[in-house]
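The lines below spell out each chain.
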Amino acid sequence: MVVAEMMGSDIGLGYIIVDSKNWFRVSDMFMAMFLIAAEYLVIYFILSFLEKKLFKWKKTGISAVVENN
C-alpha cells in the first residue's frame, strides 16, 4: 500500500516519503520510514502472538523435521 501511495496519492506515508525526497526534507522522509518500520513491528508481534495462541499444535525448527524417540 505504501508503494501505491508513492505512485498516485496525495496522502499517506508513501506520499510523505516522495514529497520529502522532492523537497529535500530528509527528517520528514526518515520519520515516515520509521513509522512504516514501527507499524511493521507492531503487526509482526501481534501476528506472532496470535500464531502462538491459535496454533499450539504447530512445531517449528528442527523438531518439526526430526522425530525424537
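Residues numbered from 1 in each chain as written. Predicted model: local features only at pLDDT ≥ 70, side-chain atom pairs only at ≥ 80, totals over all residues. Heavy atoms only, no water.

## Some remarks on the packing of aromatic side chains
Considering all chains together, one arrives at two aromatic pairs under this definition. For the pair tyrosine 40 and tyrosine 44, a centre-to-centre distance of 6.1 Å together with 25° between the ring planes defines the contact as stacked. Within this pair, tyrosine 40 and its partner tyrosine 44 are both found in helix H3 (residues 26-54), separated by four residues, close to a single helical turn. Using a relative accessible area of 52% as the deciding quantity, one classes tyrosine 40 as exposed. You can call tyrosine 44 partly exposed: its relative accessible area is 42%. On the numbers, 5.5 Å between centres and 70° between planes, the contact of tyrosine 44 with phenylalanine 45 is edge-to-face. Note on phenylalanine 45: relative accessible area 53%, which makes it exposed. Cluster of aromatic residues (ring-pair linked, three or more members): Tyr40, Tyr44 and Phe45. (Phe/Tyr/Trp six-rings, centres within 6.5 Å; stacked < 30°, edge-to-face > 60°. Helix = DSSP H or I, 4+ residues; strand = E, 2+ residues; numbered from the N terminus. Buried < 20%, exposed > 50% of the residue type's maximum accessible area, 1.4 Å probe, protein only.)

## What about unusual backbone geometry?
With phi around 60°, phenylalanine 24 is a residue other than glycine that occupies positive phi space. For phenylalanine 24, the position within the fold is in the loop between helix H2 (13-22) and H3. For phenylalanine 24, a relative accessible area of 74% puts it in the exposed group.

## Observations concerning the pattern of salt bridges
Applying the stated rule across the entire model yields two salt bridges. In this structure, the salt-bridge partner of aspartate 19 is arginine 25, at a minimum N-O distance of 2.5 Å. Exposure remark for aspartate 19: the relative accessible area of 19% places this residue in the buried category. Across the pair aspartate 28 and arginine 25 runs a salt bridge whose closest N-O atoms are separated by 3.2 Å. Classification of aspartate 28 as partly exposed rests on a relative accessible area of 30%. Residue arginine 25 is classed as partly exposed on the basis of its relative accessible area, which comes to 34%. Within this structure, Asp19, Arg25 and Asp28 form a network of salt bridges that share partners. (Salt bridge = Lys/Arg side-chain N within 4 Å of Asp/Glu carboxyl O.)

Scope: geometric values only; no functional claims are made or implied.
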